[in-house]
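Chains, contacts and geometry: an overview
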Amino acid sequence: MKRLISCEMFFTIVTLLTLNGFFIANTSQFTDDENLNIGYYIESQQNETLSYAQDRDMPKFGESMHNMTIPVGREAILACVVDNLQTYKIAWLRVDTQTILTIQSHVITKNHRMSIAHVEKRAWVLKIKDVKESDRGWYMCQINTDPMKSQTVFLNVVVPPDILDYPTSTDMVVREGSNVTLRCAASGSPEPVITWRRENGDPIALSTDVEVTSINGSIFTISRVNRLHMGAYLCIASNGIPPTISKRVMLIVHFPPMIWIQNQLVGAAFGQRVTLECHSEAYPKSINYWMKNETIITPGGRYEPSSYEKEYKVVMKLTIKPVDESDFGNFKCIAKNSLGDTDGSIKLYHLPQSTIVTTVSTTTAMDPLTTNVVQQHINDNFVDRNLHNTNKSPWNMSNASSNNNLFGATSGLWNTLDGSSGIRDREHRDRTSERKRNNKQNAAGKNQDASRDNEILNAAVTLSTSKLIVGIVLTTNFLLFRRTTFLNVLV
C-alpha cells in the first residue's frame, strides 16, 4: 500500500513540475504582478495535494457520538470509534474540569468508578459505574494528531424525586376553626412536580361549595379547618423518573364534644325491651357514659350500655330489658374530653298496653269525630230496654246473635232481628211482675255487664277509621248476646 501511495505522489509531483515548467517557459508573456499571482496559485495547489495525500494516511472517527441520559446509580458507557489509528493515541477527557481520564488503555484519573476498554480494535469505551449526579457534563474523545482531532458527548444524569424531611410538614394538631398550611419540598432532576391528595381518596373541601380531588404545589393552605378536614394527606413528588415517592402527613383537628339525638321521646310498655341512642362527635376521643337520676349507669342487670366508634364519631346505646316502672323518666348521655363536655336527654315514658281484637290486626287511636259516632251508635242501642223487650222475641234474638257474624251492620238491624215472633203484650205484662222479683238477683250481673260494655266501648274507640264498621259490628253482637242472656234470666 505504501508503494502505491508513493507512486501516486511521484506522478503528482511530476505533473506539478511539468506545469511549473510550462508556466516558467511562458513567464515572458506576463507582467511581474501576474507572475506573483501565478506562483501563489501553484504553491497552494501543491499544499492541497500534499494535504490530501497526508489525510488519507491520518486516523479518523468511524462513528459520531450521541448524547446520553442515565439514571443515577446506573452504568454509563461512552464509546469512541476510530479508524486507521496507526501509532497515534486516544485519550478521554472531562471538558468542564479539563481532567484527563484515560490515555489508550491506561486510567489516569483516581476515580475508581471509571475504566477503559478497547473493543474490536477500533472502539475505545469509557465506562462509569454507579453514576452520580456529579458525573453530569461534557466528555471528549481526543486523537493526538497535528492538528488535534476530537469528538464530544454530553452525559445527562437524571435523579428520581426525593422528599426532603426538614422543610416538609410533619403530623399536625390544630384547633377547629384555625388556618393550616402544609408544606412539602422535594429534590430530583428534572425538578419534581408536587401534588397533594387525601389518603382515603375523599375530595378536599376548599370551601363550603368547592371540592377538588388534588392540589398541585408545594404549599397547601386550608382556611378555617374543621373536623371534616381531619385525616391523612399525601405529598406526592414525581418527575418522570421512577419511582414516584410520597410522604404521609396526618392532620388532627381538636374540638369539644357534640351530641345529636334522633329521638328525644321514647315510649315503652312494661316488660318491653327498649334501646336509647345518642350520637356524639369529639376529638380527642371522649369518655361516654349514661346517667339516670344523677347516677352513672354501669353494665349489669337490666341495663346494657354499649358504644360503636368510627374515627371521631361514637354511637352510644343503652338497652333496657325488660322495662320496669322505675325506668320511666329522663336518661342522660354524656360525652367528655379535655376540651369540654356536653350531654343529651332522652325521656322514656309509659306506653299503655294496646287492647287487641282478634279480628283486627292492629289498633290505632281514632279522632274525636269517629269516637262520637261510635258512642252515639252504642247509646242508641241501650235506649229503652223495655221497648226492645216488648217488641222482640228473646229466642229469635238468641238465634240471631249466635248464628250470624255481622260485618258492616248499622243500627237498622236492631229492628230486623225479631222476624215474626208473635209475642203479645199480654205475655209481656205477665212476665213484668216476675222480672221485678228477679231485679235484685240480677243487680250484680248488671254491674258486671256495664263494666264489660265499657271495655267494649274503649276497644271501639281505639279502632282506626278504616276499621270503624267492623268495630261497630263486634260491639253490636256482644251487646245483643248480653241482652239475650239477661232476658233469658228474666224469663
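Residues numbered from 1 in each chain as written. Predicted model: local features only at pLDDT ≥ 70, side-chain atom pairs only at ≥ 80, totals over all residues. Heavy atoms only, no water.

As a further point, take the overall build of the chain. A count of helical and extended segments in the chain gives eight helices and 28 strands. Burial statistics for the chain: of 491 residues in total, 34% are counted as buried. A separation threshold of at least 6 residues defines the contact pool for the chain, and within that pool the share at least 24 residues apart is 65%. On the chain, roughly 30,200 Å² of surface is accessible, and the fraction owed to carbon and sulfur atoms is 53%. (Helix = DSSP H or I, 4+ residues; strand = E, 2+ residues; numbered from the N terminus. Buried < 20%, exposed > 50% of the residue type's maximum accessible area, 1.4 Å probe, protein only. Contact = heavy atoms within 4.5 Å. Areas by Shrake-Rupley, 256 points an atom, 1.4 Å probe, with all protein chains shown as cover.)

What follows deals with the sheet that holds strand 24 (residues 295-296). Judged by pairing direction, the sheet is mixed, and its five strands sit side by side in the order 21-28-27-23-24 without closing on themselves. Every interior strand has two partners, whereas the edge strands, strand 21 (265-268) and strand 24, have only one. Two strands pair when backbone bridges link them, and strand 23 (residues 287-292) and strand 24 are joined in this way by two bridges, in the antiparallel orientation. Following the sheet pairing, K292 is matched in strand 24 by T295. (Pairing = 2+ DSSP bridges.)

Using the criterion set out here, one finds three disulfides in the structure. The disulfide that involves C80 links it to C141, with 1.9 Å between the sulfurs. As the torsion about the S-S bond is roughly -75 degrees, the C80-C141 disulfide counts as left-handed. Taken together, the residues C80 in strand 3 (residues 76-83) and C141 in strand 9 (residues 137-143) connect sequence positions 61 residues apart. When sorted by exposure, C80 lands in the same class as C141, which is buried. In this model, C184 is linked to C235 through a disulfide, with the two sulfur atoms separated by 1.6 Å. (Disulfide = S-S within 2.5 Å.)

Pairs can form between side chains of opposite charge once their charged atoms are near each other. Following the criterion strictly, the structure yields 13 salt bridges and no others. The salt bridge involving R302 is made with D327; its shortest N-O contact spans 2.5 Å. Taken as a pair, R302 in the loop between strand 24 and strand 25 (303-310) and D327 in the loop between strand 26 (313-320) and strand 27 (329-337) lie far apart in primary sequence, 25 residues in all. The partner of K321 in a salt bridge is E304, and the shortest N-O contact between them spans 2.7 Å. Of this pair, K321 sits in the loop between strand 26 and strand 27 while E304 sits in strand 25, placing them 17 residues apart in sequence. (Salt bridge = Lys/Arg side-chain N within 4 Å of Asp/Glu carboxyl O.)

Mean pLDDT for the chain: 75, with 60% of residues reaching 70 or above. Taken together, the stretch residues 14-30 has pLDDT below 50 and engages in seven contacts with residues farther than four places along the chain or on a different chain. (pLDDT = per-residue confidence, 0-100.)

Counting through the fold element by element, A79 comes out in strand 3. Residue classification places A79 among the partly exposed residues on the basis of a relative accessible area of 34%. The residues touching A79, leaving out its near neighbours within four places in the chain, are M65, W92, W124 and V125.

So, about the pairing of strand 26. The sheet contact formed by strand 22 (residues 274-283) and strand 26 spans eight bridges and is antiparallel. Looking at strand 26, one finds that S280 is bridged to V314. Here strand 25 pairs with strand 26 via eight bridges, running antiparallel. Residue pairing for strand 26: Y308 is matched across the bridge by V315. Where strand 25 folds back on strand 26, the antiparallel hairpin that results is connected by two residues, among which E311 adopts a positive phi of roughly 55 degrees.

Moving on to the packing of aromatic side chains. Scanning the entire structure with this criterion turns up six aromatic pairs. Each ring, one from W138 and one from F154, has its centre 5.2 Å from the other, and the planes form 65 degrees; the classification is edge-to-face. Taken together, the residues span a long stretch of sequence, with W138 in strand 9 and F154 in strand 10 (residues 149-164) at a distance of 16 residues. Centroid distance W196 to F220: 6.0 Å. Interplanar angle 40 degrees. Geometry classified as tilted. Taken together, the residues W196 in strand 14 (residues 193-198) and F220 in strand 18 (residues 219-222) connect sequence positions 24 residues apart. Of the two residues, W196 and F220, both sit in the buried class. Through a chain of ring-to-ring contacts, the aromatic side chains of W196, F220 and Y233 assemble into a single cluster. Above the ring of F255, the side-chain terminus of R227 is found at 3.8 Å from the ring centroid. (Phe/Tyr/Trp six-rings, centres within 6.5 Å; stacked < 30°, edge-to-face > 60°. Lys NZ or Arg CZ within 6 Å of the ring centre and 35° of its normal.)

Once that is clear, we can look at the environment of P190. On the secondary structure map, P190 appears in the loop between strand 13 (185-189) and strand 14. P190 has contacts with N239 and I241, leaving out every residue within four places of it along the chain.

As a further point, take unusual backbone geometry. Leave glycine aside and you will find that most residues have negative phi; peptide bonds, for their part, are mostly trans. Of note, the amide linkage connecting D146 to P147 takes the cis form, showing an omega dihedral of 5 degrees. Here P147 is to be found in the loop between strand 9 and strand 10. Following K321, the chain continues into P322 via a peptide bond in cis, with omega recorded as -15 degrees. Along the chain, P322 turns up in the loop between strand 26 and strand 27. Even without being glycine, D130 reaches a positive phi, approximately 45 degrees. By secondary structure assignment, the location of D130 is in the loop between strand 8 (123-128) and strand 9. A positive phi angle is found at R224, which is not glycine, with a value near 50 degrees. Mapped onto the secondary structure, R224 falls in the loop between strand 18 and strand 19 (231-238).

Sheet architecture is open: four strands sit in the order 1-3-8-7, paired in antiparallel fashion. Each edge of the open sheet carries a strand with a single partner, namely strand 1 (60-61) and strand 7 (114-119). Looking at chain direction, strand 3 and strand 8 are connected through six bridges and run antiparallel. Bridging across to strand 8, L78 finds its partner in L126.

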